[in-house]
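These are the residues of each chain, in order.
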Amino acid sequence: MNEPALGGMAQTALDRAEPILRCGNTNCGGCGMSVALQMLGRAVGDRKVQIVIPACCAIVTAGPFPFSAYGAPVVSSTFASAAALASGMAHVARLNGEPTRVLCWAGDGGTFDIGMATVSAAAERNEDVLYVCYDNEIYGNTGGQRSGATPIGAVTSTTPLGKDVEKKDVIGILAAHRVPYLATVSLAHPDDLMRKMRFALDERGFRFLHILAPCPTGWKSEPADGIELVRLAVRSGLYPVVEVFNGRRTVINVKPEMSRPALEKYVSLQGRFKEKGADWDAAWEVILRNWKDLEARVGV
Ligand SMILES: Cc1ncc(C[n+]2csc(CCOP(=O)(O)OP(=O)(O)O)c2C)c(N)n1
Ligand code: SF4
């Protein structure tokens, strides 16, 4: 069976018996997390995986027992304990001599905020876990409250006038733990995405992937615009596509155009920035400052 065409990505045989995300799931149309799960299934291929999912949209995706929308074993965890649970499962797999790779698949609320203590602890101990955060920049599953990942200016159900503090630098936080591998992943750059997912699946120790995951429901955007939104976020410089090895060596994988019109289009395609009217100068300043920090890390 051949994979359907996927952007510019080379077509390869689908060697996994069934996708990680099966059809018939309940995710909203145009959900970026769904796209990311489909890509994960392709990256996993015939590797054996176990997935820990804390409270978030992705655990609702699993559906009611005895049915599941997942084509891999999934353990549902509390918000705060996903990384701790996955650490234990990875040790059991190692002690049993199994080749199983253990993953966490968590939202930004469960990563940037409520799960951060166990993420930090697992990263510090360098547990053999791949932690993936799909970041829809809100607590999507419970009505779209703001999280530490919500960008400044975005209207959420708890920031009706727009959030007034900046998004947390989760890559900086994880880099400070000196984990073997961490990367940001763009759904609009499938070759880079697939390479990173496969590398992260096979690498040992704590690995962290961050995926910007458009959420039409929370972002008040058209379901069909999700990938274009990610492309605009990358082009504008808002979403740097990078990887960091051992917390020290940072590589920029996609050179952005640093395009202010791309930022303006990114914002105008979403309803969540409309409340206050966008402060273009402030938004642009944040992007330029973040890039200066990033280039200092890279040593440019
Ligand atoms: C300790 C705790 N507080 C609150 C909740 C309710 N809750 C379940 S899912 C969720 C939102 C999760 O947000 P996020 O991690 O960003 O994932 P998303 O829903 O956006 O996919 C909340 C607040 C909970 N299950 N446990
Ligand atoms: S609320 Fe957002 S993240 Fe959750 S299933 Fe819907 S589109 Fe996906």
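Check the entry above for the structure.
Just so it is clear, the structure is predicted and the values come from calculations on it, not from any experiment. (Residues numbered from 1 in each chain as written. Chains lettered and ligands numbered in written order. Predicted model: local features only at pLDDT ≥ 70, side-chain atom pairs only at ≥ 80, totals over all residues. Heavy atoms only, no water.)

**Remarks on the site of ligand 1**
Working step 1: Every one of the 15 residues lining ligand 1 counts as a neighbour, but Gly109, Tyr134, Asn136, Gly140 and Asn141 are closest to it.
Working step 2: Within the backbone of aspartate 108, a nitrogen or oxygen atom sits 3.4 Å from an oxygen atom of ligand 1.
Working step 3: A distance of 2.8 Å is found between an oxygen atom of ligand 1 and a side-chain nitrogen or oxygen belonging to asparagine 136.
Working step 4: Considered on its own, ligand 1 offers 590 Å² of accessible surface; in the complex 70% of this is hidden by protein.
Working step 5: Residue composition of the shell around ligand 1, by class: seven nonpolar, seven polar and one charged. (Near = heavy atom within 4 Å. Polar contact = N/O pair within 3.5 Å; in protein donor to acceptor, adjacent residues only side chain to side chain. Areas by Shrake-Rupley, 256 points an atom, 1.4 Å probe, with all protein chains shown as cover. Nonpolar A, V, L, I, M, F, W, Y, C, P; charged D, E, K, R; others polar.)

**Details of the environment of glutamate 137**
Working step 1: In this fold, glutamate 137 is placed in the loop between strand 4 (130-135) and helix 6 (170-175).
Working step 2: The exposure class of glutamate 137 is buried, given its relative accessible area of 5%.
Working step 3: When the C-alpha positions of glutamate 137 and serine 221 are compared, they lie 14 Å apart, and in sequence the two are 84 residues distant.
Working step 4: Sequence-distant contacts of glutamate 137, defined by excluding residues within four places in its chain, comprise Asp108, Ser147, Ala149, Thr150, Pro151, Lys167, Leu212, Trp219, Tyr266 and Arg272. (Helix = DSSP H or I, 4+ residues; strand = E, 2+ residues; numbered from the N terminus. Buried < 20%, exposed > 50% of the residue type's maximum accessible area, 1.4 Å probe, protein only. Contact = heavy atoms within 4.5 Å.)

**A word on helix 7 (residues 190-202)**
Working step 1: Its 13 residues give helix 7 an end-to-end C-alpha distance of 18 Å, which sits within 8% of 18 Å, the value for a rise of 1.5 Å per residue.
Working step 2: Within helix 7, burial applies to Pro190, Asp192, Leu193, Met194, Lys196, Met197, Ala200 and Leu201. (Expected span 1.5 Å × (residues − 1).)

**Concerning the pattern of salt bridges**
When the charged atoms of two side chains lie near each other, side chains of opposite charge can form a pair.
Working step 1: Per the counting criterion, the structure on display carries 19 salt bridges.
Working step 2: Here aspartate 128 and arginine 204 are joined by a salt bridge, their closest N and O atoms 3.3 Å apart. One end of the pair, aspartate 128, is in the loop between helix 5 (116-124) and strand 4; the other, arginine 204, is in the loop between helix 7 and strand 6 (207-212), and 76 residues separate them in sequence.
Working step 3: Accessibility expressed as a relative area gives 21% for aspartate 128, which makes it partly exposed.
Working step 4: A salt bridge links glutamate 137 to lysine 167; its shortest N-O distance comes to 2.8 Å. Of this pair, glutamate 137 sits in the loop between strand 4 and helix 6 while lysine 167 sits in the loop between strand 4 and helix 6, and the two are 30 residues apart along the sequence. (Salt bridge = Lys/Arg side-chain N within 4 Å of Asp/Glu carboxyl O.)

**Regarding the environment of valine 241**
Working step 1: Within the fold, valine 241 resides in the loop between helix 9 (226-236) and strand 7 (242-245).
Working step 2: The spacing of valine 241 and histidine 189 is 52 residues in sequence and 9.3 Å in space, taken between C-alpha atoms.
Working step 3: Beyond its immediate sequence surroundings of up to four residues, valine 241 is in contact with Thr184, Ser186, Asp192, Lys196, Val234, Val251, Ile252, Asn253 and Val254.

**Examining the site of ligand 2**
Working step 1: Neighbouring ligand 2 are the residues Cys28, Cys31, Cys57, Asn136, Cys215, Pro216 and Thr217.
Working step 2: If you map ligand 2 onto the pockets, it falls in the second largest pocket.
Working step 3: Considered class by class, the residues forming the shell around ligand 2 number five nonpolar, two polar and no charged. (1 Å grid on protein atoms, 1.4 Å probe; cavity = no way out; pocket = protein on both sides within 12 Å on 5 of 7 lines; lining within 4 Å. Sits in = over half its atoms within 2 Å of the grid points.)

**Notes on the side chain of arginine 207**
Working step 1: In this fold, arginine 207 is placed in strand 6.
Working step 2: Of the polar contacts made by the side chain of arginine 207, one reaches the backbone oxygen of alanine 200; its length is 2.7 Å.
Working step 3: Look past the residues within four positions of arginine 207 in its chain and what remains in contact with it is Arg101, Asp128, Val129, Leu130, Tyr131, Tyr181, Ala200 and Leu201.

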